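Observations on the three-dimensional arrangement
Read off the chains here:
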Amino acid sequence: MPTLLVFTGLMIAAATFAAMLWSIAFPARRLWPPKRYTIATPILVWVPTFTLFGILIALGVTEWGNLPIPTWLRFGVGVPLIIAGNVVVWSEAAKFGVAQTGGAKGSLRTTGMYRYSRNPQYVADIAMIVGWSVLCASAGASLVGFAGTAVLIAAPFAEEPWLKEQYGSPFENYMATVRRFL
């Protein structure tokens, strides 16, 4: 297992998870979503995100097939999850805009995949991580992927108080009718 990549991936996930937990525990002093969207916000959001995904890819390639997962399962489950996750993430990000996806204020989205899940982009990211972990059958990618998934599960809990502040009763009505994940 490429130790440096695993360590780096776990540290990025741990720091991000800690920021989510802080934001959940102290919503008035939250780190996510950011109180102000500045020129530094995209760097603070996207550099760790894409670095973590890059580490997952690198671990999967370097440790390809080191877990005993049958080939039919790897390709039959992994590839569809990766494709479906990418379709959802990129189609919703295109509608939402990169800035709003990265924490900028915007409009409340309740259409598209947001009719079925309050967090379709997180669900899709999780699908991509699980799909990649299954496809590459890598112990290191699975470990870092598990940590990344924990961050994605925590993120909505950090965001919801902010969304209630921003959108009030329309968001509360939306919460009452649409599930958090699936």
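Use the structure listed above.
The structure displayed is predicted, hence computed values, not measured ones. (Residues numbered from 1 in each chain as written. Predicted model: local features only at pLDDT ≥ 70, side-chain atom pairs only at ≥ 80, totals over all residues. Heavy atoms only, no water.)

1. With respect to the nonpolar core
Within the largest apolar cluster, 24 residues are counted, with the highest numbers of intra-cluster contacts made by M20, W32, L56, L59, W132, A141 and V144. Counting residues per element, this core draws most heavily on helix α6 (residues 139–167), which supplies 8 residues. Among the nonpolar cores identified, the runner-up in size contains 8 residues, and Y114, L163, Y167 and Y174 belong to it. (Core = buried A, V, L, I, M, F, W, Y, C linked by side-chain atoms within 4.5 Å. Buried < 20%, exposed > 50% of the residue type's maximum accessible area, 1.4 Å probe, protein only. Helix = DSSP H or I, 4+ residues; strand = E, 2+ residues; numbered from the N terminus.)

2. Considerations on the packing of aromatic side chains
Counted under the stated rule, the structure contains 5 aromatic pairs. Taking 5.4 Å as the distance between ring centres and 40 degrees as the angle between the ring planes, the aromatic pair formed by F96 and Y114 counts as tilted. Residue F96 is located in helix α3 (residues 71–96), and its partner Y114 is located in the loop between α4 (98–101) and α5 (120–136); the two are separated by 18 residues in the primary sequence. Considered together, F96 and Y114 belong to a single accessibility category, that of buried residues. (Phe/Tyr/Trp six-rings, centres within 6.5 Å; stacked < 30°, edge-to-face > 60°.)

3. Thoughts on the packing of α5 against α6
Between α5 and α6, the shortest axis-to-axis distance is 10 Å and the interhelical angle comes to 170 degrees. The angle between α5 and α6 falls in the class roughly antiparallel. Across the interface between the two elements, Y122, D125, I126, I129, W132, S133 and C136 from α5 touch A141, S142, G145, G148, T149, L152, I153, A155, P156 and E159 from α6. Class assignment of the residues belonging to the contact of α5 with α6 gives a composition of 10 nonpolar, 5 polar and 2 charged. (Axes fitted to C-alpha atoms, helices over the stretch in contact; angles between N-to-C directions. Parallel < 35°, antiparallel > 145°, perpendicular 65-115°, else oblique. Contact = heavy atoms within 4.5 Å. Nonpolar A, V, L, I, M, F, W, Y, C, P; charged D, E, K, R; others polar.)

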